[in-house]
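Fold and contact review
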Amino acid sequence: MKKTALLFPGQGSQYVGMGKAFVEKSKTAEQFFKKASEICNLDFQTLCFKGPLQELTRALHLQPALTVVDLICHQYLLEQLPGFTPSWVAGHSLGEYSALCAAGVVSREDTLRLVAKRGELMDREGRKNPGGMRAILAMTIDEVDKLIQQCTRGVVVVANHNSAKQVVVSGDEDGLDELSTLCREQGGRVIPLKVSVANHSPLVAGAVDDFAAFMAGISFQSPRVPLLFNATAGQADDADEIRSIMARQIASRVRWYEIIQTMVGGGVELFVELGPKSVLTGLMKKILPKKSSIICVQADTPESIEKVVALITES
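My aim in this report is to walk through the structure given alongside it, one point at a time. (Residues numbered from 1 in each chain as written. Predicted model: local features only at pLDDT ≥ 70, side-chain atom pairs only at ≥ 80, totals over all residues. Heavy atoms only, no water.)

1. Quick word on the overall build of the protein chain
Our working rule: Segments assigned H or I by DSSP are reported as helices when at least four residues long, segments assigned E as strands when at least two residues long, and all are numbered from the N terminus. The buried label applies to any residue whose accessible area, calculated with a 1.4 Å probe on protein chains only, is under 20% of its type's maximum; exposed applies above 50%, and partly exposed to all values in between. The contact criterion used throughout is that any non-hydrogen atoms of two residues lie within 4.5 Å. Reported accessibility uses the Shrake-Rupley method at a 1.4 Å probe radius. Residues are deemed covered only where the shown protein chains occlude them.
Looking only at helices and strands, one finds 14 helices and eight strands in the protein chain. By principal-axis analysis of the C-alpha atoms, the protein chain measures approximately 55 × 45 × 40 Å. Counting only residues that meet the buried cut, the protein chain has 57% of its 315 residues in that class. Long-range contacts, defined as pairs at least 24 residues apart, comprise 76% of the intrachain contacts of the protein chain with a sequence gap of at least 6. Of the roughly 13,000 Å² of accessible surface on the protein chain, a fraction of 48% belongs to carbon and sulfur atoms.

2. Concerning the sheet that holds strand 1 (residues 4-8)
Two modes of strand pairing occur in sheets, parallel and antiparallel, and in both the strands are linked by backbone hydrogen bonds. What counts is decided by this rule: Pairing between strands requires that DSSP locate at least two bridges from one strand to the other. Structural elements are reduced to axes, namely lines fitted to C-alpha atoms, with helices fitted over the stretch in contact, and the angle between N-to-C directions of any two is expressed from 0 to 180 degrees.
In space, the four strands of this open sheet follow the order 2-1-7-8, with parallel pairing throughout. Looking at which strands have only one partner, the edges of the open sheet turn out to be strand 2 (88-91) and strand 8 (295-299). The average undirected angle you get between the axes of adjacent strands in this sheet is 20°. Sheet topology places strand 7 (residues 270-274) next to strand 8; five bridges connect them, and they run parallel.

3. Remarks on the sheet that holds strand 6 (residues 189-192)
The antiparallel open sheet is built from four strands, whose spatial order is 4-5-3-6. A strand with exactly one partner marks an edge of an open sheet, and here the two such strands are strand 4 (156-163) and strand 6. Strand after strand, the sheet turns through a mean of 25° between neighbouring axes, direction not considered. Here strand 3 (residues 132-137) pairs with strand 5 (residues 166-171) via six bridges, running antiparallel. Bridge pairing in strand 5 links Ile-136 to Val-167. Contacting strand 3, strand 4, strand 5 and strand 6, helix 9 (residues 173-185) crosses the sheet at an angle of about 10° to strand 3.

4. Side note on the pattern of salt bridges
The cut-off we apply is this: In the sections that follow, a salt bridge refers to a side-chain nitrogen of Lys or Arg positioned within 4 Å of a carboxyl oxygen of Asp or Glu.
Summed over the entire model, instances satisfying the criterion amount to 16 salt bridges. The closest approach of N and O atoms between Asp-210 and Arg-124, which form a salt bridge, is 3.0 Å. Of this pair, Asp-210 sits in helix 10 (residues 208-215) while Arg-124 sits in helix 7 (residues 108-128); the two residues are 86 residues apart in sequence, bridging distant segments of the chain. Among the residues examined, Asp-210 registers a relative accessible area of 35% and is labelled partly exposed. When its relative accessible area of 25% is taken as the criterion, Arg-124 is described as partly exposed. Put simply, Asp-145 and Arg-253 hold a salt bridge, and the shortest N to O gap is 3.1 Å. Of the two residues, Asp-145 sits in helix 8 (residues 141-150) while Arg-253 sits in the loop between helix 11 (239-249) and helix 12 (256-265), which places them 108 residues apart along the sequence. Linked through salt bridges whose partners overlap, the residues forming this network are Arg-124, Glu-125, Lys-128 and Asp-210.

Structural measurements only, silent on function.
Structure follows, in structure tokens:
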């Protein structure tokens, strides 16, 4: 088998209709949708399959909805390839909870409880402290950090370090506008993102303590496979340490570029993005050298996962 890393996408990858193909083909997937709806008190089949997108995109709804689809993708992969163990797992922002589940840290049911609570708390903070996020292209993390130091209005911080020259910033409108002007003056491109909350910024830090208190009642185990955390770009084995990292993750920088570099350095041959759209696969094309032999694929339907199985098992 190829040395494989499983990656799970987060907010921004949602679309109306996600997960429907699994329910149409798999009784297990249908049952999991129903179980998730009971746990979170949300009708996920209606929300995911019919929308509307505005309701699906609310942090309160999106975090558990997207996680349900990520987990169904993972479940279907394991059904097709029993006994498969990846070399690494990681998830981008919200996707880190699916990675926790894939690594055996928390159960599927507890994963849903965690993201439902996280979504509730972040939705609360987003209403209290309105803000947004913007992608900065063609600038390095050091260049963006230096410009942030020059900002004098509002709140703005780096939220995601996605690739060598893709940085996502988060904050309120004043801070984002001032930084956007400075970035454009230095040749950067600025793209507003369709999110309802200023994720990974001080504007949502009010959720950290409440989420930590909630996590204290959830059972955490040591990872069964190597898992790299967003907030540290490193590993952790102790359950209490993992809880602390995941509480901080809400308002911390996502160190995605460092995570992928570690996996590449560890000899990963195949990256599989399990979940809607192909945001992370697109980032891989920006991170890997042009002539890299590493394969990157995305899968969010039964048919695409069956192709992944063939890639993993081919010699």
